[in-house]
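# Fold and geometry: a report
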Amino acid sequence: MAGADALLPEFLLVLFFLLLVTLDLFRSATIKSMLPWLALTGFFASLVVQVLEGRLGQSPQFLNLLFSDGLAQYSGILFSLVGICTVLLSVLNKRLDELQKGRGEYYAFLLLLVLGLNLMAKSVNLLMLFLAIELVSIASYILTLTLKENKRSIEAGLKYILYGSLSAGVMLYGMSFLYGLTGTLNHTSEAFGLALLQANPLMVTVAAVLVFAGFLFKISAAPFHFWAPDVYQGAPMPVVALFSTGPKMAGILVILRFIAPFFATGPASAFPDVWLLLGILAIVTLVIGNFTALRQQTPRRLLAYSSVSHAGFLLAALLAVGTNYTSGVLFYLTVLLFMNFGIFLVLQLAEDEFKVTKLTDFHGLGRFYPFLGTMALVYLLSLTGLPPFAGFMGKLFIFTNLWEAYNHTNDTMLLVLLVSGILLTGVALFYYIKIPFYLFFKGNYREENLVISLSNKLLLALFGLPLLVLFFKPDLLTEWIERLLTSTF
Amino acid sequence: MDFILSSLIFTPLLAALAVMLVPGRLQLPIKGIALAGALLQMGLSLLLFLGFNGNSFADGQQGYQFVERLSWINFSLGSLGRFQIEYFVGVDGISVSMVLLTGIVGVIGVISSWTITQSVKGYFLLYLLLLTSVMGCFLALDFFLFYLFFEFMLLPMYFLIGIWGGPKREYAAIKFFIYTLVGSLFILIAMIGLYTSVIDPQATALQLGLLEKGMQLTPEVLQQVQQMLQNKTIEAADMVRTFSIPAMMDGANFIPDSLLHTLSGYQLWNQPLRFIFFLLLFAGFAIKVPVVPVHTWLPDAHVEAPTPISVLLAAILLKVGGYGLIRIVYPVFPDAAAYFSTLVGGLGVLSIIYGALCALAMNDLKKLIAYSSVSHMGFVLLGVASMTTEGVNGAIYMMFSHGIISAMLFLLVGVIYDRTHNRLIQNFRGLANEMPVYTSFVVVAFFASLGLPGFSGFISELLVLLGSFSASEATGLLPRWMTVVAVIGLLLAAAYYLWALQRMFFGKYWIYTDLREKALVSDLNLREYLMLVPLAVLAVLFGIFPSLLLDKIGVAVSGFTKLVLVNGQEQLQGVLSSII
C-alpha cells in the first residue's frame, strides 16, 4: 500500500496492543509486572518514530481516509507523550497498583485509546472520523470503569456512556446531513467546501450544529460538559489526567480541520450563524467553566470545571480566523499537557498518601512538604496563566491572535472573546488559588511523617521543568511547530 | 559598570538561591545572606545614582543610560511579521530615584525583619524575590519584561501577607492578590493591543536590509523606516513587532492599518480606541497607586501585613503604580493623557481629600497611616496630570520622599505594636513620658509627612502644587480650583497627624488596663535606631538639599513633559480629526 510507512506509529501501537493482550494471558507475576513497561515502550516507540523527521509522507493513505501532515505528526507526538505520562502516573498510583484483575487490560486500552487519538487527528473522512472518535470513546468507558469496586467509578462510567452514546448518535446524524448536502465524506477536500457554499445555508448550519455535539462532548465544552465533573470525581487519577488532555487535544484538532472550509473566505462571510454559534459557545464555556469552578469543594471537581474553561479558551483560539493560529493552539495544547499531568500527579499523591478528598483536607500540607506545595503552586499558576510559567505564554499567543484577527476584521465577537478571556483569568485565579490557600495558610498538618518517594518527586519536577523552559524560550517550540506545519503543506 | 543594572536586578535573586541551600534551622546565616544581598543591592543602587549623568534626557531612542539590550524571544509569525521580546533594561532620570529608593528600603526591610521567627527561610526567600521583581519593574524598558516583573510581585506579597500577617491575613492577602491581578489584566489587554501595533524601527531596518548587523540606528535610517511604514511600503512579513516602550512612545512607529494608530479613526462605544486603551492602562496602574475609588485593598493589606512588609508595600510597591503612569501610560498615549487630564487630576484631588478624611476618622494608627498614603499618592497623580515640569518633578519627588517617610511611619507603628500587640489610638496616652526618644522620632516622621519646611515632604508638595496651579496657563490641562482643593488636603494632614500626636503621646501617661500586664513599654533599642536614624536623616537631607535629587531628574523631566505635551497636542488633533 502506498505511503504505508506514514502509518508506522499506528501500526506500532496496534502491535504493542496485541502483544500486551497476549502476554496478559500468562499468569506469571513477572510477566504481569512487566506489562506497564511494555506499554511505555510502545508509546516511546511511536514517539521516536514521529519525532524523527522525514519518516512520514504527506500523501493521503488508507483509501483516502487518513492524511498525514505536519499537524498530524505534531499531534501524534503529543498523544505519545500523553500515553507516556499516563503510564507513569498509573505506575505510581496506589489503587491501580493494588488492582488484582484487569491490569493488563488497563494498559492495553490505554494503547488503544491513543491509537484512536492518532486516527482522529489524521482522519479526513467523516466516516473514519466517527470510527476514530468511537474507538476513543469505548476505550474511555472501559478505562473509567477500571476500579470496579468503587461505586463512584461505576456511576461515572455509566454517565459517561450515556452522554457519550447520545452525542455520538447526534453527531452521526449531522454527518449524514453533510454527506447528503455535499455528496462527499471527505470533509477537508475542495469539493466539500464548494458544495457547502452552494447548499442551503440553514441546512448546513443545522448539520454543523449536530456534528459539533460530538466534538464538544470530546473536549468537554458547554453545553456538553456535564459528564466531566462526575467522571473526574470517579475515575482513577491517571485516567482523569488523560481525559483532561488527550481527547481534548484530539477534539480541538478535529474541530480545527472541520471548520476550515466553513471560514475559508473570512469569519462571518458564508456561514455567519455557525460563526456566531461557535463564538457564543466559546464564551458560554468560558463563563460556565470559570464560574462553576468557584463553588466546588473537591479538587477533582474543581479541576473538571477548570478543564471546561480551558476548552473555552481553545475554542476561542480557533476563531482567530485570518491569523496562523494553528501554532498558537498547538503550543497551548503542549503546555496544557504538562500542566494537567503535573497537577493531577499532585492530586494523586495527596489522595494516596494524605487522604485528601476535599479542598479543606489540604490544610497546611504545603508547609509540611514544601516541595509538593511549591510544585502544586507552579502548576496552578501556570493553569491560571500567570508569568513566569508557560501557561501565560500560551494564553498570550491566543489573545494575540484574537487581537490580530480583530484588527483585520473589526468583528466585535473577537473583542468580546478576547476581553472575556482575559477578565475571566481573574476569576480563575480565585479558584485556583484556593488550593495553595489551604496548602499554605490554613491549619497545620499533623499526622505521621510520610516521605514522598523519589520517583514521585522526580516526576513532579519533570512536569514542571517544561513550564519554565517554555516561558523563557517559547520560540524553541514554536519554531519547531512552524517548521513541521509549513514543511508539509 | 557594564552590567550594573542586571546586577541590581539579580543580586537578590542570587541571595535567594543561596538562602535556598541553607538548612531552615540555621536562622542567623539565612538572615545574614538576606542582609548581604540587600546591602549589595543598595551599594549598587548608590553607585548607579552617583554615576548617573543628570544632563541627559531620554527621547525614546537615545538617552537611556547603562542600557543592556539582548534578544530574548524572537520568532516568525509567518505572514504577520516577527514577534520580538527583548531583555531591555536602562535608566533615565525618571527611574533612577526609584532605584535608589528600592535599594535603601530593601535594607531597612531586612533589618526590620530580624525579629521574624516563623519559617525564616521561606520568609527571606520570598522577600528577596520581591526585591528582585520590584527592581526589575523600575529598570525594564521592554513592556513584556516590565509586565513579567509586575506580575511576579504579587506572588511573594501574597504569601508574605497571608502567612506572616495579622489576624485577618488570609482575607487581606486574597483581596490584595485579586485586586492587583485584575489591574494587571487590564494592562495585559493594553499590552497585547500595543505590541501588535508597534514595530521596532531598528530590527525592521535590519530585516529590510537598510542596516548591517551590529550597526546602530541613525536618525536618517529611522526616518526612512518610519516613512516607509506610514506609506505602507513595508511588507507585513518584514515588520518586527516589539514590546519596547521607547518604540511605543513614537507615534510614527505605529502600523498604519492597526487600530491603535492615531489616524485609524476606529471607535468603540463612541470613543476612539486609543482613549479606551489609555483608560485600561490607567485603571491598571491606578489600582496599584492606589487611587480612590480602587484603593480599598490597601488599608486591609497594610493593617494585616507584618511591619517590614508594610514598609515595603508603602515605600516601594505603591511607587510602581505611579512610575508606570509616568513611564508607560503618559508617553505612549499622550493624546488621551491630554484629553483626560481633568479626570486624572480630579481623581488625584479626590484621593487627597478622601484619603485625608478617612485618616482623620481612623482609630487604628496603622490604618491612619495607610490612608495618609492614599492621600499622598493623590499628589503624585495631580502632579503627573498637570504635565508641567514642576508638577512631574514634584510627583517623582513625592514618590521618593513618601518612600522614605512612609517607611519610617510604618516602622514606628511596628515599634509600639511589638511592645503592646496593640495600636489603637485610644488605648494610649502620654507615651512621651515613657518613651521620649520614640516620641521624638514620631514627631519627626509626622512633621515630615505633613509637609513641614525642612523635610522632603515639603519640597514635593510645594512642587506639585506649583505645577498644578500653573498648569491652567502653562499647559492648559488642569483648572485652578483643583490646586485650591488639594491645599485643603495639607490642612487635613496637619489635623490628623497633630490630633493623633496629641491623643497618644501628650498628657499624663496612661495605657489601657488589659495591655498593661503584657506590655513592656521601653524605649527604642539598637536595631530600631539603626533603621530610624538613617531614614530621618534622609528625610531632612532631601528636605534641605532638594538639588541632590532634582539635579539628577530635572533635565529628564523637562524633556519628558515637553515630549508628552507636543506629541499629545499633535496626536490628539490627529485622533479627533480622523473620527469625523
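Structural data are supplied above this passage.
Residue indices begin from 1 for each chain and proceed along its sequence in written order. Written order decides the labels, with chains lettered from A and ligands numbered from 1. Only residues with pLDDT of at least 70 get local features here, since the model is predicted, and only at 80 or more are side-chain atom pairs given and counted; chain-wide, interface and lining totals rely on the full set of residues.

This part covers the overall build of chain A. Each helix is a run of H or I in the DSSP string that is no shorter than four residues. Each strand is a run of E no shorter than two, and both are numbered from the N terminus. A tally of regular secondary structure across chain A gives 22 helices and 2 strands. A compact globule built from 489 residues should have a C-alpha radius of gyration of about 23 Å, and chain A, at 22 Å, falls within 12% of that. The principal-axis extent of the C-alpha atoms belonging to chain A is close to 70 × 55 × 40 Å. By residue count, 58% of the 489 residues in chain A fall in the buried class. Throughout, radius of gyration means the C-alpha value; the globule benchmark is 2.2 Å times the number of residues raised to the power 0.38. For every residue, the other C-beta atoms within 10 Å of its own C-beta are counted; 20 or more classify it as buried, 12 or fewer as exposed, and values in between as partly exposed. C-beta atoms are placed from the backbone.

In terms of regular secondary structure, chain B is built from 24 helices and 7 strands. Its C-alpha radius of gyration of 24 Å places chain B within 12% of the 25 Å reference for a compact globule of 580 residues. Taken along its principal axes, the extent of the C-alpha atoms in chain B is 80 × 60 × 40 Å. The buried share of chain B, reckoned over its 580 residues, is 60%. Two residues qualify as being in contact provided that their C-beta atoms, derived from the backbone, are within 7 Å of each other. When contacts within chain B are restricted to residue pairs at least 6 apart in sequence, long-range pairs at least 24 apart make up 80% of them.

Take helix 7 (residues 169-195) of chain B next. The end-to-end C-alpha separation of helix 7 of chain B is 38 Å, in line with the 39 Å expected for 27 residues at 1.5 Å each. Extensive coverage of helix 7 of chain B is indicated by the burial of 21 of its 27 residues. Expected span, for any helix, means 1.5 Å times one less than how many residues it has.

Our next topic: the interface of chain A and chain B. Counting residues at the interface gives 27 residues for chain A and 26 residues for chain B. Elements with a contribution of two residues or more to the side of chain A that touches chain B: helix 18 (390-409), helix 19 (412-432), helix 20 (434-441) and helix 22 (474-488) of chain A. The dominant element in the side of chain A that touches chain B, judged by the number of residues it contributes, is helix 19 of chain A, at 7 residues. Classifying every residue of the side of chain A that touches chain B by side-chain character gives 15 nonpolar, 7 polar and 5 charged. Classes in brief: Ala, Val, Leu, Ile, Met, Phe, Trp, Tyr, Cys and Pro nonpolar; Asp, Glu, Lys and Arg charged; the others, Gly included, polar.

Residue and element names in this part refer to chain A. Simply put, an axis is a line fit to the C-alpha atoms, just over the touching stretch for a helix, and the angle between two N-to-C directions goes from 0 to 180 degrees. At a closest axis distance of 7 Å, the pairing of helix 7 (residues 151-182) and helix 9 (residues 201-218) adopts a crossing angle of 150°. As helix 7 runs across helix 9, the sense of the crossing is left-handed. In contact with Tyr163, Gly164, Ser167, Ala168, Val170, Met171, Tyr173, Gly174, Met175, Phe177, Leu178 and Leu181 of helix 7, helix 9 contributes Met203, Val204, Val206, Ala207, Leu210, Val211, Ala213, Gly214 and Phe217. Tallied by class, residues from the contact of helix 7 with helix 9 come to 17 nonpolar, 4 polar and no charged. Crossings are classed by handedness, with left-handed meaning an anticlockwise turn of the near helix from the far one by less than a right angle and right-handed meaning a clockwise turn.

Residue and element names in this part refer to chain A. Interhelical geometry of helix 10 (residues 227-234) versus helix 14 (residues 299-318) gives an angle of 140° and a closest axis separation of 8 Å. By the angle class used here, helix 10 and helix 14 are oblique. Both helix 10 and helix 14 take part in a crossing whose hand is right-handed. Residues Ala228, Pro229, Tyr232 and Gln233 of helix 10 pack against Arg300, Arg301, Leu303, Ala304, Tyr305, Ser307 and Val308 of helix 14. Angular relationships are summarised with four words: roughly parallel below 35 degrees, roughly antiparallel beyond 145, roughly perpendicular across 65 to 115, and oblique for the angles in between.

With that settled, consider the pairing of strand 2 (residues 82-91) of chain B. Residue and element names in this part refer to chain B. Burial of strand 2 is extensive: 9 of the 10 residues sit out of reach of the surface. At least two DSSP bridges between two strands are needed for those strands to be called paired. Examined bridge by bridge, strand 1 (residues 65-76) and strand 2 share 9 bridges and lie antiparallel to one another. Looking across to strand 2, one finds that Leu70 is bridged to Tyr87. Relative to strand 3 (residues 240-242), strand 2 is paired through 3 bridges, and the arrangement is parallel. Across the sheet, residue Arg82 finds its bridge partner in strand 3, namely Val240.

Residue and element names in this part refer to chain B. Cis geometry is found at the peptide bond from Val289 to Pro290, where omega equals -10°. Position of Pro290 among the secondary structure elements: in the loop between helix 11 (273-288) and helix 12 (297-304). Cis geometry is adopted by the peptide bond preceding Pro293, which originates at Val292 and carries an omega value of 10°. Checked against the element boundaries, Pro293 lands in the loop between helix 11 and helix 12.

This brings us to helix 1 (residues 4-21) of chain B. All names here are of chain B. Counted at 1.5 Å a residue, the expected span for helix 1 with its 18 residues is 26 Å, and the 25 Å between its end C-alpha atoms agrees. What we call the bend at a residue is the angle made by axes fitted to the seven residues finishing there and the seven residues starting there. At Phe10, helix 1 shows its maximal kink, close to 40°; a proline, Pro12, follows between one and four residues later. When helix 1 is considered as a whole, its buried residues turn out to be Leu5, Leu8, Ile9, Thr11, Pro12, Ala15, Ala16 and Val19.

Moving on, we get to the nonpolar core. By size, the foremost hydrophobic cluster in this structure holds 404 residues, and its most contacted members are Leu111(A), Leu402(A), Leu281(B), Ala407(B) and Met408(B). In terms of residues, this core owes the most to one element, helix 15 (residues 325-354) of chain A, which gives 19 residues. With residues near it in sequence (within four places) discarded, Leu402(A) still touches Ala316(A), Ala320(A), Leu414(A), Leu417(A) and Leu418(A). Nonpolar core, as used here: buried Ala, Val, Leu, Ile, Met, Phe, Trp, Tyr and Cys residues forming one set through C-beta atoms within 7 Å.

Turning next to the sheet that holds strand 3 of chain B. Residues and elements named next belong to chain B. On the basis of which strands lie adjacent, the open sheet formed by 3 strands has the order 1-2-3 and mixed pairing. A single partner strand is all that each edge strand has here, and the edge strands are strand 1 and strand 3. On average, each strand axis in the sheet is inclined to that of its neighbour by 30°, with strand direction left out of account.

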